[in-house]
Amino acid sequence: MSLRTYLRDRGLMVAIVLVAAATGATQMLYWWLAPAPKVSDFVGPPRSGYTLTNFRLWSYDVDGQPSFNMVAPHLERRENDESLYINTPKFELPSNQDGVPPWLGDSLYAWVDKSGSLLKLQGPVYMHRAAFQDTAAAEIHTSDVTSWPKENRMETAAAAHMVQGDSTMSGVGMRANLNTNHMELLDESHGSFPPRKQKSS
């Protein structure tokens, strides 16, 4: 059988082989001639989506009630997860209860997730609440607090010290619900609770 007859009888298969060979050759030629991919020369943390200076931030829950507000000299929004990095914030955690003042405080840094439902107060944290009705003023000294402001809850694994009127409490590890005014110290807890002064008649 001649080569011409062989190719004529198997024309479709020969065409497929030739097309595949041409495609492979074209791809190899492209790889050889194409410029090398550009290498990123950026070194450092992810770039910010934007930066704010001397700003005020408000966050609200699903019912439109304030969950927290914050003022600080510097904020950076990260492009990768849309979280906020904040320097030396002063914050307010409102009670959303008539006659009950908010908790005010400050920390070294803060981080807020995209939804505003998770707030991390980093470094030393100081919080205080004014007196109201027959409840004495209160203050908390701690550090590295994780807060869920839309639920008015917070916790820390660090040492915490609270003073309210003549009473003091301290321990390592704290959980607090600001709606119910409930605080739990997890370890090495100590407290001093002098008797309440009787009201004069």
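The text that follows walks through the structure, step by step, so that each part is easy to find.

All right, on to the environment of Glu188 then. On the secondary structure map, Glu188 appears in strand β10 (residues 182-192). In this structure the C-alpha to C-alpha distance between Glu188 and Ala159, which are 29 residues apart in sequence, comes to 9.1 Å. Residues within four places of Glu188 in sequence aside, it is in contact with Ser170, Gly171 and Val172.

Attention now moves to the environment of Asp81. Its location among the elements puts Asp81 in the loop between β2 (66-78) and β3 (84-87). With relative accessibility at 35%, the residue Asp81 sits in the partly exposed group. Counting along the chain gives 32 residues from Asp81 to Gly49, while the straight-line C-alpha distance between them is 9.9 Å.

Backbone geometry places Glu82, a non-glycine residue, at a positive phi of 60°. With respect to the helices, strands and loops of the structure, Glu82 is situated in the loop between β2 and β3. Of the residues examined, Glu82 reaches a relative accessible area of 32% and is grouped as partly exposed. Within the chain, Asn152 stands out as a residue other than glycine whose phi angle is a positive 60°. Tracing the chain through its elements places Asn152 in the loop between β7 (138-148) and β8 (153-164). On the basis of relative accessibility, which here comes to 6%, the residue Asn152 falls in the buried class.

Here we come to the pairing of strand β9 (residues 167-177). In terms of strand pairing, β8 meets β9 through 10 bridges, oriented antiparallel. Each residue of the ladder has a partner; that of Val163, found in β9, is Thr168. The antiparallel pairing of β8 with β9 creates a hairpin that spans 2 residues between the two strands, and Gly165 there sits at a positive phi of about 60°. As paired strands, β9 and β10 are joined by 8 bridges and run antiparallel to one another. Note that in β10 the partner of Met169 across the bridge is Gly191.

Moving on, we come to the packing of aromatic side chains. For the coordinates displayed, the defined rule picks out 0 aromatic pairs. One cation-aromatic arrangement involves Lys120 over Trp111; the distance from NZ or CZ to the ring centre is 5.8 Å. Here the basic side chain of Arg153 rests over the ring of Trp148, its NZ or CZ set 4.5 Å away from the ring centre.

Looking now at a nonpolar patch on the surface. Taken together, the side chains of Met28, Tyr30 and Trp31 present a nonpolar region at the surface, about 450 Å² in accessible area. With respect to the helices and strands, Trp31 occurs in helix α2 (residues 11-33). Residue Trp31 is classed as exposed on the basis of its relative accessible area of 61%.

What counts, and at which threshold
- Residues numbered from 1 in each chain as written.
- Predicted model: local features only at pLDDT ≥ 70, side-chain atom pairs only at ≥ 80, totals over all residues.
- Heavy atoms only, no water.
- Helix = DSSP H or I, 4+ residues; strand = E, 2+ residues; numbered from the N terminus.
- Contact = heavy atoms within 4.5 Å.
- Buried < 20%, exposed > 50% of the residue type's maximum accessible area, 1.4 Å probe, protein only.
- Pairing = 2+ DSSP bridges.
- Phe/Tyr/Trp six-rings, centres within 6.5 Å; stacked < 30°, edge-to-face > 60°.
- Lys NZ or Arg CZ within 6 Å of the ring centre and 35° of its normal.
- Patch = residues over 30% accessible without salt bridge, like charges linked within 9 Å, V, L, I, M, F, W, Y side chains within 5 Å.
- Areas by Shrake-Rupley, 256 points an atom, 1.4 Å probe, with all protein chains shown as cover.
- Salt bridge = Lys/Arg side-chain N within 4 Å of Asp/Glu carboxyl O.

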